[in-house]
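# Structural overview
Letter by letter, the chains look like this.
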Amino acid sequence: MTENQNVSFHLYDEQPKRFIYEMRPEKEIAISTHDMQVYYGDKLALDDADLSFERFKITSLIGASGSGKSTFLRSLNRMNDDVATVKGQIMYRGLDINFKDIDVYEMRRHIGMVFQRPNPFAKSIRENITFALKQHGITDKAYLDEMVEHSLRQAALWDEVKDSLDASALSLSGGQAQRLVIARAIAMKPDILLLDEPASALDPISSAKIEDTLLELKKHYTIIIVTHNMQQAARISDYTAFFHMGRVLEYNETRKIFTRPKVQLTIDYVNGNFG
Ligand SMILES: Nc1ncnc2c1ncn2[C@@H]1O[C@H](COP(=O)(O)OP(=O)(O)O)[C@@H](O)[C@H]1O
Ligand SMILES: [Mg+2]
């Protein structure tokens with residue numbers, strides 16, 4: 001299997017060299033934002049976001065509703081282009097992906113997104129995985145079959161669907177559909193997976209499966225996840241960023257955020273005193 005077949009999106013090798021908070025300079029950074037601000041019309045929804053995300057780690061974004069978590073996450077793969085103005089830099093492998101002339105379609109092969117509500121296509125399970133690959137010109141059947149199995153295995157769904165690959169994806173349970181959407185995202189072989197509350201619409205068992213899947217996936221991908229569930233953030237993430245009223249108030253290793261945060265508002269939030 002060829003890695004990143006047919007990629008025409010050239011990236012520079014140089015890593016951005018700026019590190020913030022307590023992240024140590026020897027860490028490898030997958031993506032970082034610099035002086036980022038997001039406006040909806042005149043309204044400043046996110047200010048001064050300077051965050052670096054370590055490669056092959058899970059970072060949770062936490063904070064009350066309306067604190068800017070989705071705004072931040074969506075900006076990382078240009079989902080806000082139509083509704084918001086994003087200022088500052090978003091550095092990915094030496095490239096500012098906030099630059100207007102970036103090929104957004106290609107960029108999203110490298111930075112995939114999964115939403116709160118599972119949104120499988122009204123197609124078979126198999127076609128959900130192969131659709132985007134075919135759109136990118138991949139036609140080799142053996143390769144497509146291999147990607148179907150590989151992605152479904154990585155998303156911990158293979159055993160449940162391997163005998164019904166041609167069944168409609170709409171027949172899956174919510175938890176299975178969300179793992180299918182994750183499989184669909186990883187079939188594109190992205191570097192980075194962005195997930196906006198991927199488990200909040202799911203029952204606890206499905207949610208636990210998603211958590212296990214993410215812990216497995218971080219061996220291969222850098223994961224940034226918005227979650228309202230503090231236990232979930234504590235269980236799965238290496239780093240946690242606390243958002244409050246459009247600013248990142250604290251960003252650190254997860255165990256520090258949960259055991260000895262530096263900011264009183266973080267203490268209040270992780271202890272459930274507001275939100
Ligand atoms: N499409 C939009 N148009 C205008 N304002 C928006 C839009 N999306 C979000 N906002 C506003 O931006 C702020 C941050 O929202 P959001 O990023 O969705 O927060 P969170 O994900 O932390 O709940 C809120 O005040 C919200 O009302
Ligand atoms: Mg949100």
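Residues numbered from 1 in each chain as written. Chains lettered and ligands numbered in written order. Predicted model: local features only at pLDDT ≥ 70, side-chain atom pairs only at ≥ 80, totals over all residues. Heavy atoms only, no water.

A few words on the overall build of the protein chain. Check the secondary structure of the protein chain and you find ten helices and eleven strands. For 275 residues, the compact-globule estimate of 2.2 N^0.38 gives 19 Å, and the protein chain sits close to it at 18 Å. Projected onto its principal axes, the C-alpha positions of the protein chain cover 55 × 40 × 40 Å. Burial status across the protein chain gives 54% buried among its 275 residues. Working note: accessible area of the protein chain is about 12,600 Å², and carbon and sulfur atoms make up 49% of it. Once the 34 positive and 38 negative side-chain charges of the protein chain are each reduced to a mean point, those two points are 2 Å apart. (Helix = DSSP H or I, 4+ residues; strand = E, 2+ residues; numbered from the N terminus. Rg over C-alpha atoms; globule rule 2.2 N^0.38 Å. Buried < 20%, exposed > 50% of the residue type's maximum accessible area, 1.4 Å probe, protein only. Areas by Shrake-Rupley, 256 points an atom, 1.4 Å probe, with all protein chains shown as cover. Lys, Arg positive; Asp, Glu negative; His and termini not counted. Charge placed at Lys NZ, Arg CZ, Asp CG, Glu CD.)

The environment of ligand 1 is formed by Tyr40, Lys43, Ala45, Ala64, Ser65, Gly66, Ser67, Gly68, Lys69, Ser70 and Thr71. The contact in question runs from an oxygen atom of ligand 1 to an N or O atom on the backbone of Gly66, over 2.7 Å. Here Thr71 contributes a side-chain N or O atom positioned 2.5 Å from an oxygen atom of ligand 1. Starting from 560 Å² of accessible surface for ligand 1 in isolation, the protein chains cover 62%. Secondary-structure elements contributing two or more residues to the shell around ligand 1 are strand 2 (43-49) and helix 1 (69-75). Among the elements that line the shell around ligand 1, the one with the most residues is helix 1, at three residues. A breakdown of the residues in the shell around ligand 1 according to their chemical character gives three nonpolar, six polar and two charged. (Near = heavy atom within 4 Å. Polar contact = N/O pair within 3.5 Å; in protein donor to acceptor, adjacent residues only side chain to side chain. Nonpolar A, V, L, I, M, F, W, Y, C, P; charged D, E, K, R; others polar.)

With that settled, the discussion passes to the UniProt feature "domain: ABC transporter" (unreviewed entry) in the protein chain. Taken from the UniProt record, the annotation "domain: ABC transporter" (unreviewed entry) applies to residues 31-270. For residues 31-270, the helix share is 38%, the strand share is 26%, and the end-to-end C-alpha distance is 26 Å. (UniProt positions renumbered as here; feature names shortened; annotations may be inferred.)

Further remarks concern the sheet that holds strand 11 (residues 247-253). Spatially, six strands are ordered 7-8-9-4-10-11 in an open sheet, and the strand pairing comes out mixed. Each of the sheet's edge strands pairs with one partner strand only, and the pair in question is strand 7 (111-114) and strand 11. Between one strand axis and the next, the sheet turns by 15 degrees as a mean value, whatever way the strands run. Pairing of strand 4 (residues 58-62) with strand 9 (residues 222-226), which is carried by four bridges, proceeds in the parallel orientation. Bridging across to strand 9, Ile58 finds its partner in Ile223. Against the sheet, helix 7 (residues 204-217) contacts strand 4, strand 8 (192-196) and strand 9, and its axis sits at roughly 150 degrees relative to strand 9. (Pairing = 2+ DSSP bridges. Axes fitted to C-alpha atoms, helices over the stretch in contact; angles between N-to-C directions. Contact = heavy atoms within 4.5 Å.)

Residue placement: His110 occurs in helix 2 (residues 104-110). When its relative accessible area of 5% is taken as the criterion, His110 is described as buried. At 3.4 Å, the side chain of His110 and the side chain of Tyr92 are in polar contact.

In this model, helix 7 (14 residues) spans 20 Å end to end at C-alpha, consistent with the 20 Å of a helix rising 1.5 Å per residue. Listed in full, the buried residues belonging to helix 7 are Ser206, Ser207, Ile210, Glu211, Thr213, Leu214 and Leu217. For helix 7, the angular spread of the buried residues around the axis is 160 degrees, confining them to a single face. The exposed residues of helix 7 that point more than 90 degrees off its buried face are Pro204, Ile205 and Asp212. Looking at the buried positions of helix 7, the neighbouring elements they touch are strand 4, helix 4 (141-154), helix 6 (174-187), strand 8, strand 9 and helix 8 (230-236). The opening residue of helix 7, the one whose side-chain oxygen lies 3.0 Å from the backbone nitrogen of Ile205, is Asp203. (Expected span 1.5 Å × (residues − 1). Arc of directions from axis to C-beta.)

Overall, the coordinates contain 18 salt bridges when judged by the stated rule. A salt bridge links Arg247 to Asp48; the shortest N-O distance between them is 3.0 Å. Here Arg247 is found in strand 11, whereas its partner Asp48 is found in strand 2, with 199 residues between them in sequence. Classification of Arg247 as partly exposed rests on a relative accessible area of 37%. (Salt bridge = Lys/Arg side-chain N within 4 Å of Asp/Glu carboxyl O.)

What follows covers the packing of helix 3 (residues 125-135) against helix 6. Orientation of helix 3 relative to helix 6, taken along the N-to-C sense of each, is 30 degrees, at an axis distance of 8 Å. Between helix 3 and helix 6, the angle is such that the two are roughly parallel. Helix 6 is crossed by helix 3, and the crossing has right-handed handedness. On the side of helix 3, the interface is formed by Ile125, Asn128, Ile129 and Leu133, while helix 6 contributes Leu180, Ala183, Arg184 and Ala187. Taken together, the residues of the contact of helix 3 with helix 6 sort by class into six nonpolar, one polar and one charged. (Parallel < 35°, antiparallel > 145°, perpendicular 65-115°, else oblique. Left-handed = near helix turned anticlockwise from the far one by under 90°.)

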